[in-house]
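Structural overview
In case you want the letters, here they are:
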Amino acid sequence: MLIFEKSKAGRTATAQSPNEVDVTHLIPEQFQRGSRLGMPQASELDVVRHYTQLSQKNFSIDTNFYPLGSCTMKYNPRACNSLAMKEEFLSRHPLAHPSLSQGYLACMYHLQQILQAVTNMKGVSLTPMAGAQGEFSGVAMIKAYHDDRQDFARREIIVPDAAHGTNPATAIMCGYKVKEIRTNKDGNVDMDALEAALGPHTAGIMLTNPSTLGVFESRIKEIAQKVHAAGGLLYYDGANLNAILGKTNPGIMGFDVIHMNLHKTFSTPHGGGGPGSGAIGVSERLLPYMPIPYVGKKDGNYYFVNEQEAPKTIGQLSAFAGNAGVNLRAYVYALLNGRQGMQRISEFATLNANYLMKRLEAVGFDLAFKNRRASHEFIVTLKRQAKELGLTASDLAKALLDQDMHAPTVYFPLLVAECLLIEPTETESKQSIDAFVTAMAKVLEQANTDIDKLKLAPYTTPVRRMDEVKAVKEPNVVFKIHA
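Residues numbered from 1 in each chain as written. Predicted model: local features only at pLDDT ≥ 70, side-chain atom pairs only at ≥ 80, totals over all residues. Heavy atoms only, no water.

A few words now on the overall build of the protein. If you tally the helices and strands in the protein, you get 15 helices and 13 strands. On C-alpha atoms alone, the protein measures out to a radius of gyration of 25 Å, which is about the 23 Å that the 2.2 N^0.38 rule sets for 483 residues. Counting only C-alpha atoms, the protein reaches 70 × 70 × 45 Å along its principal axes. Here the protein holds 483 residues, and 48% of them are scored as buried. In the protein, of all internal contacts separated by at least 6 residues, the share reaching a separation of at least 24 is 71%. (Helix = DSSP H or I, 4+ residues; strand = E, 2+ residues; numbered from the N terminus. Rg over C-alpha atoms; globule rule 2.2 N^0.38 Å. Buried < 20%, exposed > 50% of the residue type's maximum accessible area, 1.4 Å probe, protein only. Contact = heavy atoms within 4.5 Å.)

Right, dumping it as structure tokens:
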């Protein structure tokens, strides 16, 4: 039910309203409303109950196990929220003069330094508003680098077949042609395919390591050497940085530019279209092209570096200087963990993933890469169960909801049949992981005994199984208010 459907004329909830200020004299008459805004009218109790009930319908990391592969759905410490929401931060205007924002700018400068240290990059900009925008800025910098050198023939970006879907989309958005290369049976980039793809048209390659197949690219240094020898650059998709934090880094591997999903590795809130930050890091050769503004320091004072100081910048990507609140949460998280804590993040993320992988294999699930150690995530394939029992990845995902568990990522990467990409993260306890194994085993047992009933799951959710084909072909997303 929508709040509009609970509306009754004359009901009000004004206790939380801000003081009314008459601003009509500031608005030109032709832009003023001729009628009242059609907002719902409800009591405070009705409003509280409505939004509380809505929150109880949500599936969230705060309430349930959420092993969504490649998304790193780990717990967001409340200390990060409380400190980032201090009045001194909240009341700062984004256009305030730097002399009035030295505390905030000092935090952002220090965060840039921390991110440089953990990734072994030479510069960091916090201005991209999300991972996708961080990707865009990274490839845009690669393009700016080649164009600056008058190397206009380089118009191809190499992308492995296991890459995130945003990778080829980003390359195309930046005006490149995508050249896909295959991975081999062990989940590594096929070196023969890479060598065949490299040439004078190569601008760069987009990789994440560990890859989206959940395994560490064992020949990454050789890949970097070959791409650089061909005149290309390496872009690192930071989706899986959580697996290597404090252990190795993209700089050592040979990458030239990276983006970091702060909502993953640095535990800021996941959006849902909402908050985000896709901070980027660059090597020495791409420093001149970093997006502005980023924070600099001169004579003991902090300030925003602008286009006058960085004339080769790819420009400004957000209205001000990135998502201040999200970046502050990442800063607090980094300070809370410190250098030793960063290592423990990757250690426990990897330990939890390998423990869960072996437990699931023991109860009857097949691993996509059984001879490889998991990174922070791994892939289970239901290819055999789909053929023998009729149990698909989608069926299992729906049935898990009845076990109070969120499903892993399904059908991604696309090259693994009936794929389940599973990531427990480092914040889950052994008890939580064991409970997930029990739930998975129960679904497998149901598939063996009553597959027809299982195919109608979920049974306990507010909305039952949707007709996904109809939802795509006949979407109905319009709500009309009837007088």
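In terms of domain boundaries, the protein breaks down into domain 1 (3-56), domain 2 (79-336) and domain 3 (341-469). For domain 1 and domain 2, the distance between their C-alpha centres works out to 41 Å. (Domains from an automatic or database assignment.)

This next bit is on the packing of helix α12 (residues 393-401) against helix α13 (residues 430-449). With their axes 10 Å apart at the nearest point, α12 and α13 run at an angle of 120° to one another. Considered as vectors, α12 and α13 are oriented oblique to each other. Considering the relative orientation of α12 and α13, their crossing is right-handed. Between α12 and α13, the residues in contact are L396, A399 and L400 and F436, A439, M440 and V443, respectively. Residue composition of the contact of α12 with α13, by class: seven nonpolar, no polar and no charged. (Axes fitted to C-alpha atoms, helices over the stretch in contact; angles between N-to-C directions. Parallel < 35°, antiparallel > 145°, perpendicular 65-115°, else oblique. Left-handed = near helix turned anticlockwise from the far one by under 90°. Nonpolar A, V, L, I, M, F, W, Y, C, P; charged D, E, K, R; others polar.)

The next subject is helix α6 (residues 166-173). Along α6, the residues classified as buried are N167, T170 and A171. The buried residues of α6 occupy an angular sector of 100° when the element is viewed end-on, so they sit on one face. Opposite the buried face of α6, by more than 90 degrees, sit the exposed residues I172 and M173. For α6, the elements touching its buried residues are α5 (131-148), β2 (156-160), β3 (177-181), β4 (202-207) and β5 (233-237). Phi turns positive, to about 90°, at G175, one or two residues after α6. (Arc of directions from axis to C-beta.)

What follows deals with the UniProt feature "domain: Glycine dehydrogenase C-terminal" (unreviewed entry) in the protein. The feature "domain: Glycine dehydrogenase C-terminal" (unreviewed entry), as annotated in UniProt, sits at residues 346-448 in this numbering. Annotated as 50% helix and 12% strand, the span residues 346-448 places its first and last C-alpha atoms 37 Å apart. (UniProt positions renumbered as here; feature names shortened; annotations may be inferred.)

Each α-helix winds once per 3.6 residues, and so residues spaced three or four apart point in a common direction. The buried fraction of α12 amounts to seven of the nine residues, a majority that puts the element mostly inside the structure. For α12, the complete set of buried residues consists of A393, S394, D395, L396, A397, A399 and L400. The inward-facing, buried residues of α12 abut β12 (409-410), β13 (419-422), α13, α14 (451-454) and α15 (468-473).

Summed over the entire model, instances satisfying the criterion amount to five aromatic pairs. Centre to centre, the rings of F65 and F436 are 5.0 Å apart; their planes meet at 55°, and the pair counts as tilted. One end of the pair, F65, is in the loop between α1 (44-57) and α2 (78-84); the other, F436, is in helix α13, with 371 residues separating them in the sequence. An identical accessibility class is assigned to F65 and F436; each is buried. Geometrically, the ring pair formed by Y109 and Y302 is tilted, given 5.3 Å between the ring centres and 55° between the ring planes. With a gap of 193 residues between them, Y109 in helix α4 (residues 102-119) and Y302 in strand β9 (residues 301-305) connect regions that are remote in the sequence. For Y109, a relative accessible area of 21% puts it in the partly exposed group. Residue Y302 is classed as buried on the basis of its relative accessible area, which comes to 17%. (Phe/Tyr/Trp six-rings, centres within 6.5 Å; stacked < 30°, edge-to-face > 60°.)

Here we take up the sheet that holds β12. Pairing is antiparallel across the open sheet formed by four strands, whose spatial order is β10-β11-β13-β12. The open sheet has two edge strands, β10 (366-367) and β12, and neither has a second partner. As judged from the two bridges shared by β12 and β13, these two strands associate in the antiparallel manner. Residue pairing across strands places V410 opposite L420, the latter belonging to β13. (Pairing = 2+ DSSP bridges.)

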